[in-house]
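Examination of the molecular architecture
So the chains spell out like this:
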Amino acid sequence: MFDFSGRVALVTGAASGIGRAIALNLARQGAQVLVTDIHSDAIDVVVKEITDAGGAAAGFVQDTSVREDNERAVAYALEKFGALHHAVNNAGIGGQPTPTGETDLDGWDRTVSINLAGVMYGMRYEIPAIEQSGGGSIVNMASIHGLVATGIGNSAYTTAKHGVIGMTKQAGVDYGPRGVRVNAVMPGYINTPLLAQVDKTFYDSLVSKHPAGRLGEPEEVATLTAFLLSDEASFITASAHLVDGGYCAL
Ligand SMILES: NC(=O)c1ccc[n+]([C@@H]2O[C@H](COP(=O)([O-])OP(=O)(O)OC[C@H]3O[C@@H](n4cnc5c(N)ncnc54)[C@H](O)[C@@H]3O)[C@@H](O)[C@H]2O)c1
């Protein structure tokens, strides 16, 4: 457990999967959490889960690929909770598993606009608000495919996640002396709705690539994220961290 009491955290893509687990985990540890997503009904469910458990949360509908939505989400956090100390830029989509030379370019634009530009748009407004609130920390959700390619195509996803790691390093360096730490998390394959559609053969082939012998759970990503956000990680910034069951070592 880390101590987030008195802290305000904004989590994007928090209505499902990894983002939901991060929001619940931070709230359990005392943070006031702004749960943002494109799906308002699902936001309400997560906010209720947090408040029913005695935590503090509010919801905000936000498309992270729309610049103004990011500005409005940060403004809402400041209005609702009076400060912003932490942000988790987690919202993302899976992209399309096709070889590079067959990439659907509309799909490319969409994936890059959410998985890469959306992270930049988020930090553009989160960082000044965090500085204004006295400092804090950010985690950007990358992937093992920010380090290595996929075996099934998907240039947009691989490119975006590599870019998130570069952007994280730059932001961490820029704000190291100014009290804002910025790190990235690189999960292996995690059991979330993002993977719900894959058939059993493909699922089993994914499992075989993880020396842990299974896929990860959202809570395991949430634990690393909470650590990196917390004061316990005070000397960790501008870096990317695996939670991948050994995938990248194989
Ligand atoms: N599941 C995995 O295996 C895995 C592995 C590595 C990294 N990731 C990354 O983790 C993050 C979360 O993925 P997940 O597996 O929890 O997926 P998920 O589909 O369960 O959740 C993603 C959430 O993001 C929201 N979202 C999508 N587009 C959005 C937008 N434009 N603006 C705001 N919200 C938006 C969705 O509505 C959804 O609630 C993504 O960035 C993904 O790339 C996932």
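It should be noted that the structure appears before, not after, this text.
Residues numbered from 1 in each chain as written. Predicted model: local features only at pLDDT ≥ 70, side-chain atom pairs only at ≥ 80, totals over all residues. Heavy atoms only, no water.

1. Observations concerning the side chain of threonine 36
The condition is simple: In this description a helix means any DSSP run of H or I spanning at least four residues, a strand means any run of E spanning at least two, and both kinds are numbered starting from the N terminus. Only protein chains enter the accessibility calculation, which uses a 1.4 Å probe. A residue is then buried if its area is under 20% of the maximum for its type, exposed if over 50%, and partly exposed in between. Polar contact is defined as a pair of N or O atoms within 3.5 Å, subject to the rule that within protein one atom must be able to donate a hydrogen and the other to accept it, and that residues adjacent in sequence are counted only when both atoms are side-chain atoms. Should any heavy atoms of two residues lie within 4.5 Å, those residues are counted as being in contact.
Looking at the element boundaries, threonine 36 is found in strand E2 (residues 32-37). The buried category is assigned to threonine 36, whose relative accessible area is 0%. A polar atom in the side chain of threonine 36 sits 2.6 Å from the side chain of glutamine 62. With residues up to four places along the chain from it excluded, the contact list for threonine 36 reads Leu10, Val11, Thr12, Gly13, Ala14, Ala15, Ile43, Phe60 and Gln62.

2. Notes on the sheet that holds E2
To keep it simple, the criterion reads: One bridge is not enough; two strands pair if DSSP finds at least two bridges between them. Only C-alpha atoms enter the line fits that serve as axes; for helices the fit covers just the stretch in contact. Angles between N-to-C directions range over 0 to 180 degrees.
Pairing in this open sheet of 7 strands is parallel, and the strands run E3-E2-E1-E4-E5-E6-E7 from one edge to the other. In the strand order of this sheet, the two ends are held by strand E3 (56-61) and strand E7 (239-243), each with one partner. Each neighbouring strand pair of the sheet contributes to a mean axis angle of 20°, computed without reference to strand direction. The sheet contacts of helix H1 (residues 17-28) involve strand E1 (8-12), E2, strand E4 (86-89), strand E5 (136-141) and strand E6 (180-187), and relative to E1 the element is tilted by about 170°. Across the sheet, helix H7 (residues 218-229) is in contact with E4, E5, E6 and E7; its angle to E6 comes to roughly 165°.

3. A look at the environment of threonine 168
Relative to the elements of secondary structure, threonine 168 occurs in helix H5 (residues 155-175). Threonine 168 sits in the buried class, given a relative accessible area of 0%. The spacing of threonine 168 and isoleucine 43 is 125 residues in sequence and 26 Å in space, taken between C-alpha atoms. Sequence-distant contacts of threonine 168, defined by excluding residues within four places in its chain, comprise Asn140, Val182, Asn183, Ala184, Ala238 and Ser239.

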